[in-house]
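Architecture at a glance
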Amino acid sequence: MLIGSNHIESHNEDLLKKHQNKLVFTVSEINDTEAIIQKLIDFQIAIPSWALGTGGTRFGRFAGGGEPRSLEEKIEDVGLLHKLNNASGAISLHIPWDIPTDYKAIKTLANQHGLKFDAMNSNTFQDQASSEHTYKYGSLQNVNKAVRKQAIAHNIEVIKHGIELGSESLTVWLADGSNFPGQLNFRKAYQNTLESLEEIYDALPSNWKLFLEYKCAEPNFYSTTVADWGQSYSYVKKLGDKAQTLVDLGHHLPNANIEQIVSLLLMENKLGGFHFNDSKYGDDDLTAGALKPYQLFLIFNELVEGMDARGMNHAKDLGWMIDASHNIKDPLEDLLQSVEAIMIAYAQALSVDRKALEKAQEENDVVKAQEILQNAFRTDVRALVAEARLRSGAALNPVALYRSIQVRQNLIEERGLKTMATGL
């Protein structure tokens, strides 16, 4: 399905007067709104290919209608999102779920939708049909060298696919760990993992980055080989300048101070990027900002301060991606909501009075510092986010337009009611 410019223009015309009234008020409340709007226009959030279909739990999966059946249809779905919000200009592929049969044709299709290829993602948490060895007891950590070699070769294969598509980064997430005390020698598991990562790192092109993700728990119940930001940092510090830590917001123990983690990694030049989502209890992969919007704002507050301190380009110098699982919601609607929440948190952080906050910090004025942050968070910046979309030719209200032109119903008619996205 293609969304025509006439759909967007008609939609925006109906909402324009109300939007302009909100914008006038917002501009009166916030300083330097033109600079904020331009940063919002430039900011792009990659969509993961695996989030375009309905997710599930280990107990079951309830597929939705009109799910993408191929890489081509996944690209078309991200193109729909990007047409609606002009903030989803990249797709992140997962191998072997998304192996192209024709690189040139896939790149042409992506270009037609205004999309680039973000980080490539390897998969050593599932056994593949063509695999000689099983990952039942881990991949890069495995006590069996042949298994480690197979996992290394897979990651290098992923890099080669990415080179063909124009990607410039590899994300490694490991399900490696143990279920019972005594199952693993922790030190040897670390050493095996490091040696495996070193071989993968050596295969990176000079302009590539390796993002090493961490996760405190799941799928193992006792230990995880890359369990937290400290362990990831330890690996990437040893690997070299092209290796950095990737932060998934759901991959932390309860009440972890993620904004402090982000600040320190950024200070050490080891923050590679983000997987945005939200959670209540564990790694729920819920809609970004649905449960902890203040935390999301605080994270962006540290990001804006830290990136500006280093003279970084907000849009290009870190990797921005959603990682979510839509068990009961329309995946495309959920992704539109996530992108909106991320842009709102970013705009709020951009509106913080940095000089006033720094002065309050230097004077140990705790109340003033809190007021500055909470006032920024409580200020409604949705009109700025909408204005950024309007100026870039996107919809003032992407979810409303998505529903009014019945995108999901059209996809069901094109693809069928009982389709299942490739991948999980």
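Cut-offs and rules
Residues numbered from 1 in each chain as written. Predicted model: local features only at pLDDT ≥ 70, side-chain atom pairs only at ≥ 80, totals over all residues. Heavy atoms only, no water. Helix = DSSP H or I, 4+ residues; strand = E, 2+ residues; numbered from the N terminus. Rg over C-alpha atoms; globule rule 2.2 N^0.38 Å. Buried < 20%, exposed > 50% of the residue type's maximum accessible area, 1.4 Å probe, protein only. Areas by Shrake-Rupley, 256 points an atom, 1.4 Å probe, with all protein chains shown as cover. Salt bridge = Lys/Arg side-chain N within 4 Å of Asp/Glu carboxyl O. Pairing = 2+ DSSP bridges. Contact = heavy atoms within 4.5 Å. Axes fitted to C-alpha atoms, helices over the stretch in contact; angles between N-to-C directions. Core = buried A, V, L, I, M, F, W, Y, C linked by side-chain atoms within 4.5 Å. Phe/Tyr/Trp six-rings, centres within 6.5 Å; stacked < 30°, edge-to-face > 60°. Lys NZ or Arg CZ within 6 Å of the ring centre and 35° of its normal. Parallel < 35°, antiparallel > 145°, perpendicular 65-115°, else oblique. Left-handed = near helix turned anticlockwise from the far one by under 90°. Nonpolar A, V, L, I, M, F, W, Y, C, P; charged D, E, K, R; others polar. UniProt positions renumbered as here; feature names shortened; annotations may be inferred. Right-handed = clockwise from strand over helix to strand, strands pointing away.

A look at the overall build of the protein
Per the secondary structure count, the protein includes 15 helices and 13 strands. At 22 Å, the protein has a C-alpha radius of gyration in line with the 22 Å of a compact globule built from 424 residues. In terms of principal-axis extent, the alpha carbons of the protein reach across some 65 × 60 × 40 Å. Here the protein holds 424 residues, and the buried ones make up 52% of them. Of the roughly 19,800 Å² of accessible surface on the protein, a fraction of 50% belongs to carbon and sulfur atoms.

Description of the pattern of salt bridges
What the rule picks out here adds up to 16 salt bridges. Here Asp334 and Lys329 are joined by a salt bridge, their closest N and O atoms 2.9 Å apart. Overall, Lys329 belongs to the partly exposed group, its relative accessible area being 36%. Among the salt bridges present, the one from Glu340 reaches Arg389, with a minimum N-O distance of 2.6 Å.

What about the sheet that holds strand E7 (residues 169-172)?
Read from one edge of the open sheet, six strands run E6-E7-E9-E11-E12-E13, paired in parallel fashion. Unpaired on one side and paired on the other, strand E6 (120-121) and strand E13 (319-322) mark the two borders of the sheet. Judged from the four bridges that link them, strand E12 (residues 271-276) and E13 form a sheet pairing that is parallel. Pairing of Gly273 across the sheet is with Gly319, part of E13. Across the sheet, helix H7 (residues 229-239) touches strand E9 (209-213) and strand E11 (243-248), and the angle it forms with E11 is around 160°. Seen against the sheet, helix H8 (residues 258-267) touches E11 and E12 and runs at an angle of roughly 150° to E12.

What about the nonpolar core?
Phe274, Phe300 and Leu303 are the most contacted members of the largest nonpolar core, which totals 109 residues. For this core, the element with the highest residue contribution is helix H10 (residues 331-350), accounting for 12 residues. The contacts of Leu303, once residues within four sequence positions are left out, are Val262, Leu266, Leu271, Phe274, Leu318 and Trp320. Of all hydrophobic cores here, the second largest spans five residues; its members include Ala46, Trp50, Ala90 and Met321.

Brief notes about the packing of aromatic side chains
What the rule picks out here adds up to 16 aromatic pairs. Ring geometry for Phe43 versus Trp320: centroids 5.0 Å apart, planes at 50°, classification tilted. One end of the pair, Phe43, is in the loop between helix H2 (33-42) and strand E1 (47-48); the other, Trp320, is in strand E13, and 277 residues separate them in sequence. The exposure class of Trp320 is buried, given its relative accessible area of 3%. Through pairs of rings, three or more aromatic residues link up here, namely Phe43, Phe274, Phe276, Phe300, Trp320 and Tyr346. The positively charged end of Lys242 is found above the aromatic ring belonging to Tyr201, 5.2 Å away from the centroid.

Looking at the packing of H10 against helix H13 (residues 382-391)
One can describe the packing of H10 onto H13 by two numbers: an axis separation of 9 Å at closest approach and a directional angle of 115°. Between H10 and H13, the angle falls in the class roughly perpendicular. As H10 packs across H13, the resulting crossing turns out to be right-handed. Taken together, the residues of H13 that come into contact with H10 (itself represented by Glu340, Met343, Ile344 and Ala347) are Arg382, Val385 and Arg389. Split into classes, the residues belonging to the contact of H10 with H13 amount to four nonpolar, no polar and three charged.

Thoughts on the UniProt feature "domain: Xylose isomerase-like TIM barrel" (unreviewed entry) in the protein
In the numbering used here, UniProt assigns the feature "domain: Xylose isomerase-like TIM barrel" (unreviewed entry) to residues 100-285. Annotated as 37% helix and 16% strand, the span residues 100-285 places its first and last C-alpha atoms 27 Å apart.

Some remarks on the sheet that holds strand E5 (residues 116-117)
Pairing is parallel across the open sheet formed by three strands, whose spatial order is E1-E4-E5. Each edge of the open sheet is held by one strand with a lone partner, namely E1 and E5. Alignment of strand E4 (residues 90-92) against E5, held across two bridges, turns out to be parallel. Bridge pairing in E5 links Ile91 to Phe117. Sheet contacts for helix H3 (residues 71-85): E1, E4 and E5; angle to E4, the most-contacted strand, approximately 140°.

Brief notes about the pairing of E7
Burial of the side chains of E7 extends over both faces: Ser169 and Thr171 are buried on one face and Leu170 and Val172 on the other. Crossover connection from E6 via helix H5 (residues 145-165) to parallel E7: handedness right-handed. Direction of pairing for E7 relative to E9: parallel, over a ladder of four bridges. Across the sheet, the residue bridging to Thr171 is Phe211, located in E9.

Observations concerning the side chain of Asp77
In this fold, Asp77 is placed in helix H3. With near-sequence residues (within four places) excluded, Asp77 lies in contact with Leu52, Pro68, Leu332, Leu411 and Arg415.

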